[in-house]
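Chain by chain, the residues run as shown.
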Amino acid sequence: MLEAEAAIAPQAWRVEFAEGARIAPDGGDAITISEPRSVTAVLTPLATSDALAEVSPQTAGALIVIWMPPGANTPATIERDVDEWVRGAGTERKEANARADVRTLRVAWGRNRTVVYANEGDVRLALDAILRFSLAQRETLALNAAMRSMWPSIEADATFTHALTPRDRKKQPHINEMTVTVTRMKIAWLRLKASLEQVDPALAEPSKRLFAELAAAVFLYDQVDVLGPKVQFALDHYEIANTRLIDMTLVRQERIESIAGYGMIIVLLVFQTWLIFQDLW
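Note that the structure is predicted; figures quoted are calculated from it, not measured. Residue positions are given per chain, counting from 1 as you read along its sequence in written order. Two thresholds apply to this predicted model, a pLDDT of at least 70 for residue-level local features and 80 or more for giving and counting side-chain atom pairs, whereas whole-chain, interface and lining totals are computed over all residues. Side-chain metrics rest on all non-hydrogen atoms present in the structure, leaving aside hydrogens and water.

Colleague: Requested: an account of the pairing of strand E7 (residues 113-117), with residues and values cited.
Modeller: A simple rule labels every residue: compare its accessible area, found with a 1.4 Å probe on the protein chains alone, to the largest value its type can have, and call it buried under 20%, exposed over 50%, or partly exposed in between. Elements are defined by DSSP. Helices are runs of H or I of four residues or more, strands are runs of E of two residues or more, and each kind is numbered from the N terminus. Most of E7 sits out of view: 5 of its 5 residues are buried. Following DSSP output, two strands are said to pair if at least two bridges run between them. As paired strands, strand E4 (residues 63-68) and E7 are joined by 5 bridges and run parallel to one another. Bridging from a neighbouring strand, Ile66 pairs with Val115 of E7. Where strand E6 (residues 105-109) meets E7, 4 bridges bridge the pair, whose relative direction is antiparallel.

Here you go:
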C-alpha cells in the first residue's frame, strides 16, 4: 500500500465501507472489520491535492484520510492546508471532532475526513483504528436515531402491556414487526459493545489504544452504555406485548375448541336420545 518514496510525501485515500468481503481495486488496499458490522474498508489512493479540494467525499458514507509523514521534506504549506482542511470537518468553532495521541501516532478525526501523523511503519495500525472507530461511531449514531424514532410507537403501544380486547388482535402484524426491529437493535448494541471492548486477539495494541483514545474523545463509551437500557426496555416491552397477544389468541382458541367440543357432545346426546325414542316407537 505504501511505496518507499511515500515516507517523505503526504498520501491520501478515499475509504468506502462495503458489506462483507471485498477485494480492493488495482492500486488500492482493503481492511476487514468484524465488529460492529462485518464490512470491508476499501482504500482507493487519492492525490493529496484532490483530497484537500473535497469539502466532503463524493461518495455518500465515504471517508477521506490523509497521511502526513514526519520529515523536513514535507512542505509547510501542505501542513497548513491539511490542518485547515481537517478543522473544516468540525463544528462552528472549526475544531476537529476528535484528537488522539498514542506513542508516535497522532490523529485529528472528523466525521468524513481524517489526518494521520505517523511513521510509515505505523500507518497501517493507525488506519485500522481509525476505520474501526469511524464505523463504531456511525453505528452508534444510527442506533441512537433508531431509538429516538421508536419512542412514539412504544408510547402508542403501551396499552398492550395490560388488558387487551379482541380488536387488539388486528395489531399482531405490527407488534411482530416491532419485535423484529427491536431484536435487531439489541443485536446491533451487543456488537457495538464488542467493538468497544476490542477483544479480538488479532488487534495490535497500538491500534487498540488509538481506538480507545478516539472513542473516549467523543464519549462513545458513555453513549453506548446509555443506549443499552433503552434498547432492552424496548425489547422487553414488545416481548410482553407479543406474549399477551399470543396468550389472548390461545385463550380464544381454547374457548372455540371447548364450545365446539360441548357442541359435539350435545349433538351426540341428541342423536342418542333420538335413537332411544326410535327403539321405543
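There's more to say after this.
Colleague: Hey, could you go over the nonpolar core for me, with residue numbers and the actual values?
Modeller: What we call a nonpolar core is a set of buried Ala, Val, Leu, Ile, Met, Phe, Trp, Tyr and Cys residues that are connected through their side-chain atoms within 4.5 Å. Membership of the largest hydrophobic core comes to 53 residues, with the highest contact counts inside it found for Leu210 and Leu214. For this core, the element with the highest residue contribution is helix H3 (residues 123-156), accounting for 13 residues. By definition in these notes, contact holds between two residues if any of their heavy atoms fall within 4.5 Å. The contacts of Leu210, once residues within four sequence positions are left out, are Ala100, Val102, Leu105, Val107, Ala126 and Ala129. The next biggest cluster of nonpolar side chains, apart from the first, holds 12 residues, and it includes Ala12, Leu46, Ile64 and Val82.

Colleague: Explain unusual backbone geometry to me, and be specific about the residues and the numbers.
Modeller: A cis amide bond links Glu35 to the next residue, Pro36, at an omega of 10°. By the secondary structure assignment, Pro36 is in the loop between strand E2 (29-33) and strand E3 (39-46). In this structure, Arg103 is a non-glycine residue whose phi angle is positive, near 50°. Relative to the helices and strands, Arg103 is located in the loop between strand E5 (98-102) and E6.

Colleague: Please give an account of the pattern of salt bridges that cites residues and values.
Modeller: Salt bridges are identified by distance alone: a Lys or Arg side-chain nitrogen within 4 Å of an Asp or Glu carboxyl oxygen. For the coordinates displayed, the defined rule picks out 6 salt bridges. Between Glu35 and Arg191 there is a salt bridge whose closest N-O contact spans 2.8 Å. Within this pair, whereas Glu35 is found in the loop between E2 and E3, its partner Arg191 is found in helix H4 (residues 172-197), the two being separated by 156 residues in sequence. Owing to a relative accessible area of 27%, Glu35 belongs among the partly exposed residues under this scheme. One salt bridge connects Glu139 with Arg37, and the closest N-O pair in it is separated by 3.0 Å.

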